[in-house]
Amino acid sequence: MSASKPAARVVAPPRPENPVPALNGKDWQEFTLKRIVDVNYNTKIFRFRLPAGATELGLPTASCVLVRFQDGVDAKGKKKFVVRPYTPLEDPSLGVTGEFDLLIKHYEGGPMSTHIFNMVPGDKLQIKGPIAKYQWKKNETKEIALIAGGTGITPMLQIIQRILSDPEDMTRMSLTFCNVTERDILMRPYLDSLQTNHPNQFRVQYLLEKPTAGWNGPSGLIRPEILNRACPTPGNGKVFVCGPDGFVKAICGNKNPDLSQGTVSGYLKDMGYTENDVYKF
Ligand SMILES: Cc1cc2nc3c(=O)[nH]c(=O)nc-3n(C[C@H](O)[C@H](O)[C@H](O)COP(=O)(O)OP(=O)(O)OC[C@H]3O[C@@H](n4cnc5c(N)ncnc54)[C@H](O)[C@@H]3O)c2cc1C
């Protein structure tokens, strides 16, 4: 990929000079669901309205939020809550949209995803944050690889959008998006359009575990040959990894139980990458 900046950019209106963030890091706040957008057979986008006065959600890239709903009371009459982390789909601080999106996959019997899938526009959800995961700094490296499995695409989207929206950020990105079948690929038209509009800066490869007839991309499980195609050479860029535990474990080893990064193991270690080269979401 060449370093020249393409003309077309991610559609993001300019950030106001004095942004007012909705999130304050400590309080649970209620956000009203505005719209639901179908993505595929098990995943939808839930679009929430920012509260009056806020111009952005207030997330550093890349961060997640905590979501909760009350699930009855305990024996002492104290409220019980189900709490889960989610990664807003795009970085709302990129522009004044008055709203933000959560991309959520439904897990059969999963309390939070079932609760959210039962919501209708006008319903409210309690959200707290942000929880900063990785503090992206423009041009901190020339090249990055983003390796995502399933809904692990969400923090990658924050990084991609942050970089493509900043005319001064020349970082080149390679996304490897791994899914079970073709219909599991989330946001594919959007990702393809980014590749078309930013050919010098963004490329995507899809890997399917169980491809159907006619699939002419790579198939099988993630493995060094696929990673080799995507990753900068060790020491020359960063590799971001996000997905189910078994996926992350095979690629670079899981995070520690206290959620610190831990050492790099798995394929990336075998390929020569160290803790400096890898970030696990
Ligand atoms: C930092 C972080 C950010 C996240 N961001 C998102 C996001 O943007 N969108 C999104 O849809 N989810 C995201 N998740 C997962 C989310 O927090 C919940 O775990 C998920 O929605 C299931 O919650 P639940 O209460 O419905 O089901 P649970 O009762 O928690 O789980 C139901 C079943 O699904 C399985 N399961 C749960 N989560 C996963 C997973 N990620 N991969 C594979 N199997 C899983 C469980 O093992 C269980 O069998 C994120 C998780 C983390 C840790």
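Under an unreviewed UniProt entry, the name given to the chain is cytochrome-b5 reductase, and the organism recorded is Caulochytrium protostelioides. Here the chain is described in UniProt, under the heading Sequence similarities (unreviewed entry), as follows: "Belongs to the flavoprotein pyridine nucleotide cytochrome reductase family." Here the chain is described in UniProt, under the heading Subcellular location (unreviewed entry), as follows: "Mitochondrion outer membrane".

Engineer: Could you give an account of helix α5 (residues 245-252), naming the residues involved and the relevant values?
Structural biologist: Looking only at α5, the buried set comprises Phe 247, Val 248, Ile 251 and Cys 252. Buried residues in α5, looked at end-on, bunch into an arc of 95°, giving them a common side. Across α5 from its buried face, at more than 90 degrees, point the exposed residues Asp 245, Gly 246 and Lys 249. Directly beyond the C-terminal end of α5, a positive phi value near 85° is found at Gly 253.

Engineer: Can you tell me about the site of the ligand, naming the residues and giving the values?
Structural biologist: Around the ligand, the surrounding shell holds 15 residues, and the nearest of these are Arg 84, Pro 85, Tyr 86, Leu 103 and Ser 113. In this structure, Arg 84 approaches the ligand through a side-chain N or O atom, which is 2.8 Å from an oxygen atom. In this structure, Pro 111 approaches the ligand through a main-chain N or O atom, which is 3.4 Å from an oxygen atom. Protein burial of the ligand: of its 900 Å² of free accessible surface, 63% is covered by the chains. Secondary-structure elements contributing two or more residues to the shell around the ligand are β4 (79-86), β5 (99-105) and α1 (111-117). A per-class count over the shell around the ligand returns 7 nonpolar, 5 polar and 3 charged.

Engineer: Report on the sheet that holds β5, specifying residues and quantitative values.
Structural biologist: Reading across from one edge, β4-β3-β6-β1-β2-β5 is the order of the 6 strands in this open sheet, with antiparallel pairing throughout. Since the sheet does not close on itself, it has two edges, and those belong to β4 and β5, each with one partner. In this sheet, neighbouring strand axes are inclined to one another by 40° on average, regardless of whether the strands run parallel or antiparallel. By the bridge criterion, 7 bridges tie strand β2 (residues 43-49) to β5 in an arrangement that is antiparallel. In the sheet register, Phe 46 faces β5, and the bridge partner there is Leu 102.

Engineer: Which residues make up the pairing of strand β9 (residues 202-208), and what values go with them?
Structural biologist: Taken across its 7 residues, β9 has 6 buried, putting it largely inside the fold. Relative to β9, strand β8 (residues 172-179) is paired through 7 bridges, and the arrangement is parallel. Of the residues in β9, the one forming a bridge with Ser 174 is Arg 203. Assessed by its sense of winding, the connection that carries the chain from β8 through helix α3 (residues 188-197) to β9 is right-handed.

Engineer: For the packing of aromatic side chains, give the residues involved together with the corresponding values.
Structural biologist: A complete count under the given rule lists 9 aromatic pairs for this structure. In textbook terms, an aromatic cluster arises when at least three aromatic residues are bridged by ring pairs, as seen for Tyr 134, Trp 136, Phe 240, Tyr 279 and Phe 281. Against the face of Tyr 206 rests Arg 188, its NZ or CZ located 5.0 Å from the ring centre.

Engineer: Lay out unusual backbone geometry with the relevant residues and their values.
Structural biologist: Cis geometry is adopted by the peptide bond preceding Ala 62, which originates at Thr 61 and carries an omega value of 0°. With an omega of 0°, the peptide bond running from Gly 129 to Pro 130 counts as cis. Assignment of secondary structure puts Pro 130 in strand β6 (residues 124-132). The backbone phi angle of Met 187 is positive, close to 60°, even though this residue is not glycine.

Engineer: Give me the domain arrangement of the chain: which residues, what numbers.
Structural biologist: Under the domain assignment, the chain is made up of domain 1 (29-132) and domain 2 (143-280). Contacts between the two partners involve 21 residues from domain 1, matched on the other side by 14 residues from domain 2. Of the roughly 1500 Å² buried between domain 1 and domain 2 on both sides combined, carbon and sulfur atoms contribute 60%. The tally of links from domain 1 across to domain 2 stands at 0 salt bridges. Across the domain 1-domain 2 interface, the total number found is 5 residue pairs in polar contact (both at pLDDT 80 or more). Among the elements of the structure, β2 and β5 are those that each provide at least two residues to the side of domain 1 that touches domain 2. Residue composition of the side of domain 1 that touches domain 2, by class: 11 nonpolar, 7 polar and 3 charged.

What counts, and where the lines are drawn
Residues numbered from 1 in each chain as written. Predicted model: local features only at pLDDT ≥ 70, side-chain atom pairs only at ≥ 80, totals over all residues. Heavy atoms only, no water. UniProt positions renumbered as here; feature names shortened; annotations may be inferred. Buried < 20%, exposed > 50% of the residue type's maximum accessible area, 1.4 Å probe, protein only. Helix = DSSP H or I, 4+ residues; strand = E, 2+ residues; numbered from the N terminus. Arc of directions from axis to C-beta. Near = heavy atom within 4 Å. Polar contact = N/O pair within 3.5 Å; in protein donor to acceptor, adjacent residues only side chain to side chain. Areas by Shrake-Rupley, 256 points an atom, 1.4 Å probe, with all protein chains shown as cover. Nonpolar A, V, L, I, M, F, W, Y, C, P; charged D, E, K, R; others polar. Pairing = 2+ DSSP bridges. Axes fitted to C-alpha atoms, helices over the stretch in contact; angles between N-to-C directions. Right-handed = clockwise from strand over helix to strand, strands pointing away. Phe/Tyr/Trp six-rings, centres within 6.5 Å; stacked < 30°, edge-to-face > 60°. Lys NZ or Arg CZ within 6 Å of the ring centre and 35° of its normal. Domains from an automatic or database assignment. Contact = heavy atoms within 4.5 Å. Buried area = accessible area lost by both parts, 1.4 Å probe. Salt bridge = Lys/Arg side-chain N within 4 Å of Asp/Glu carboxyl O.

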